[in-house]
Amino acid sequence: MAFVDEAKFYVKAGDGGNGCVSFRREKFVPNGGPDGGDGGRGGSVYLEASSRLTSLLDFKYRSHFKATGGRSGQGNRKHGKKGDDSVVIVPCGSLIKDVDTGEVLVDLIEEGQRFLAASGGAGGNGNVHYATAQNRAPRLASKGKIGEEKWYLIELKLLADIGLIGLPNAGKSTLLSKLSSANPKVAPYPFTTLEPQLGVLNYPEYPPCIIADIPGLIEGAHDGAGLGHQFLRHVERTRILVHVIDVSGPPDNVLNDFHVLNEELRQYREELVDRRQLVLLNKTDLLAEETDLSPLCEEFSREGREVLSISALTGTGLDPLRKRLMEILEDDRT
Ligand SMILES: Nc1nc2c(ncn2[C@@H]2O[C@H](COP(=O)(O)OP(=O)(O)OP(=O)(O)O)[C@@H](O)[C@H]2O)c(=O)[nH]1
Ligand SMILES: [Mg+2]
């Protein structure tokens, strides 16, 4: 399942209106001076982020956006009317790139955030501007400037409801493969997954939701260690973060893993730490039978985190997990 959706689109700003050549004509004033007004500025094309849109589907039907041109100036120093701006609504989370170079020009994240995609052409000067002592009756006016035109590439991060995070080898891919029909590679070494993977979680009587496995986070990711923070932008708009932790090591390590990862989230974006997080103590099948996880669970609860213990490999605890995820999402929707 592709993680991004993309489309190309063309924008053309309005041309500026031409300046006007005109002379004053009044009774009893035989040689009225120049009075040609300026052309109006062409309209610009803006992109504006809105959460009302959630896909790039509209761009499949319409890919050309134009603003209107400015009107020409008129006699009697009348300026031409300005062209109307055109505003293209894009979904929040759209990345705008230069088609040729692939350079990221802007990341339209927040509601109402705007980007000037094509600037309207300036209006031309009317002949009033060209009168000089030598030439009091200039037959000269300038043309309006051509409005900018450009092709852009727009990419949308697919919205995932649930983001799986956790240190390498914690069992994220295994979990994704059990919760959905995704079939990611699983292996007993870190950095098996190199790119975010998506799956769809179905549960009776609830709408399906999208889970994303966000790999590669390790201590120092904010400095570029591991796969760095490059995929965290995908996490930003997930509604729940599911934090997968390998619980088969000593309890101190478990807590430490948890804090390391949250510190990385904080380094990336402070508010991500406060995002709803469900902590999963994974690989419980590896624990000795008499292991008591309740002190550890209490520790997490004290930090305000909800905990569940599971084994992604054997499937223990996965059904309560599915149900809980659906409940939280339902809760979030209302
Ligand atoms: N015993 C046991 N092993 C597990 C469990 N979950 C995952 N594993 C094993 O742990 C190893 C890593 O699992 P992955 O699912 O690839 O881990 P990951 O978090 O996706 O790792 P990266 O992609 O490297 O970040 C594999 O050998 C899995 O079989 C579990 O619940 N119990
Ligand atoms: Mg993986």
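Residues numbered from 1 in each chain as written. Chains lettered and ligands numbered in written order. Predicted model: local features only at pLDDT ≥ 70, side-chain atom pairs only at ≥ 80, totals over all residues.

Student: Teacher, can you tell me more about the overall build of the protein chain here?
Tutor: Helix and strand counts for the protein chain come out as six helices and 14 strands. In terms of overall size, the protein chain is more extended than a compact globule, its C-alpha atoms giving a radius of gyration of 30 Å where 334 residues would be expected to give roughly 20 Å. With respect to the principal axes defined by its C-alpha atoms, the protein chain has extents near 110 × 40 × 35 Å. In the protein chain, buried positions account for 40% of the 334 residues. Of the contacts made within the protein chain by residues no fewer than 6 positions apart, 71% connect residues no fewer than 24 positions apart. (Helix = DSSP H or I, 4+ residues; strand = E, 2+ residues; numbered from the N terminus. Rg over C-alpha atoms; globule rule 2.2 N^0.38 Å. Buried ≥ 20, exposed ≤ 12 C-beta atoms within 10 Å, placed from the backbone. Contact = placed C-beta atoms within 7 Å.)

Student: Looking at this structure, how should I read the site of ligand 1?
Tutor: In the vicinity of ligand 1 there are 23 residues, among which Gly171, Ser173, Pro188, Thr193 and Leu313 approach most closely. For the shell around ligand 1, the element with the most residues is helix H2 (residues 172-179), which contributes three residues. When its residues are assigned to classes, the shell around ligand 1 shows 11 nonpolar, nine polar and three charged. (Near = placed C-beta within 6 Å. Nonpolar A, V, L, I, M, F, W, Y, C, P; charged D, E, K, R; others polar.)

Student: Teacher, can you tell me more about the nonpolar core here?
Tutor: A general trend in soluble globular proteins is that nonpolar side chains are found buried together. Ile162, Leu164, Ile211, Ile214 and Ile245 are the most contacted members of the largest nonpolar core, which totals 42 residues. Considering every element that reaches this core, the biggest residue donor is strand S12 (residues 240-246), with five residues. Residues Ala67, Leu108, Ala117 and Ala118 belong to the second largest nonpolar core, which totals 18 residues. (Core = buried A, V, L, I, M, F, W, Y, C linked by C-beta atoms within 7 Å.)

Student: I keep staring at the environment of Gln197 and nothing clicks. Help me out?
Tutor: Counting through the fold element by element, Gln197 comes out in strand S10 (residues 197-201). With 23 C-beta atoms counted inside 10 Å, the residue Gln197 sits in the buried group. Along the sequence, Gln197 and Pro184 sit 13 residues apart, while their C-alpha atoms lie 7.3 Å from each other. In contact with Gln197, not counting residues within four places along its chain, are Ser173, Leu176, Ala182, Pro184 and Asp213.

Student: Teacher, can you tell me more about the environment of Ser142 here?
Tutor: Following the sequence through the fold, Ser142 ends up in the loop between strand S7 (114-118) and strand S8 (149-157). On a C-alpha basis, the gap between Ser142 and Cys20 in space is 7.9 Å, while along the polypeptide they are 122 residues apart. Discounting chain neighbours no more than four positions away, the residues touching Ser142 are Gly19, Gly124 and Asn125.

Student: Quick question: what am I supposed to make of the sheet that holds strand S2 (residues 45-50) here?
Tutor: Within a sheet, neighbouring strands are paired by backbone hydrogen bonds and run either parallel or antiparallel to one another. Taken together, three strands build an open sheet; the order of strands is S4-S2-S7 and the sheet is mixed. Each of the sheet's edge strands pairs with one partner strand only, and the pair in question is strand S4 (86-91) and S7. Adjacent strand axes in the sheet meet at a mean angle of 30 degrees, parallel and antiparallel pairs treated alike. When S2 meets S4, the two strands line up parallel, connected through six bridges. (Pairing = 2+ DSSP bridges. Axes fitted to C-alpha atoms, helices over the stretch in contact; angles between N-to-C directions.)

Student: Looking at this structure, how should I read the pairing of strand S6 (residues 104-108)?
Tutor: Across a regular strand the side chains alternate sides, sitting on one face of the sheet and then on the other. Pairing geometry for strand S5 (residues 94-98) and S6, over four bridges, is antiparallel. Each bridged residue has a counterpart across the sheet, and for Lys97 the counterpart in S6 is Val104.

Student: Where do I start with the domain arrangement of the protein chain in this structure?
Tutor: Frequently, the measure chosen for interface size is the accessible area that the parts lose on association. If you check the domain split of the protein chain, you get domain 1 (4-157) and domain 2 (162-333). Computed over C-alpha atoms only, the centres of domain 1 and domain 2 are separated by 49 Å. (Domains from an automatic or database assignment.)

Student: Before we go on, may I ask you to explain the environment of Gln113 in this structure?
Tutor: With respect to the helices and strands, the residue Gln113 is situated in the loop between S6 and S7. The class of Gln113 is partly exposed, set by 16 C-beta atoms lying within 10 Å. Considered as a pair, Gln113 and Ser50 are 63 residues apart in the sequence and their alpha carbons are 8.1 Å apart. Sequence-distant contacts of Gln113, that is, excluding residues within four places in its chain, are made with Ala49 and Leu108.

Student: For this particular structure, what's the right way to read the pairing of strand S13 (residues 277-282)?
Tutor: For S13, a buried count of five out of six residues is recorded, marking the element as mostly surrounded by other parts of the structure. Following the chain from S12 across helix H4 (residues 251-268) to the adjacent parallel S13, one finds a crossover that is right-handed. Relative to strand S14 (residues 306-309), S13 runs parallel, the two being bridged by four bridges. When the bridges of S14 are listed, Val279 appears paired with Val307. Assessed by its sense of winding, the connection that carries the chain from S13 through helix H5 (residues 294-302) to S14 is right-handed. (Right-handed = clockwise from strand over helix to strand, strands pointing away.)

Student: Is there a simple way to explain the sheet that holds strand S9 (residues 162-165) in this structure?
Tutor: Spatial ordering of the open sheet is given by S10-S11-S9-S12-S13-S14, a layout of six strands whose pairing is mixed. Edge positions in the open sheet fall to S10 and S14, since each of these has one partner strand only. Direction aside, neighbouring strands of the sheet carry axes that sit 25 degrees apart on average. Pairing analysis gives four bridges linking S9 to S12, with the strands arranged parallel.

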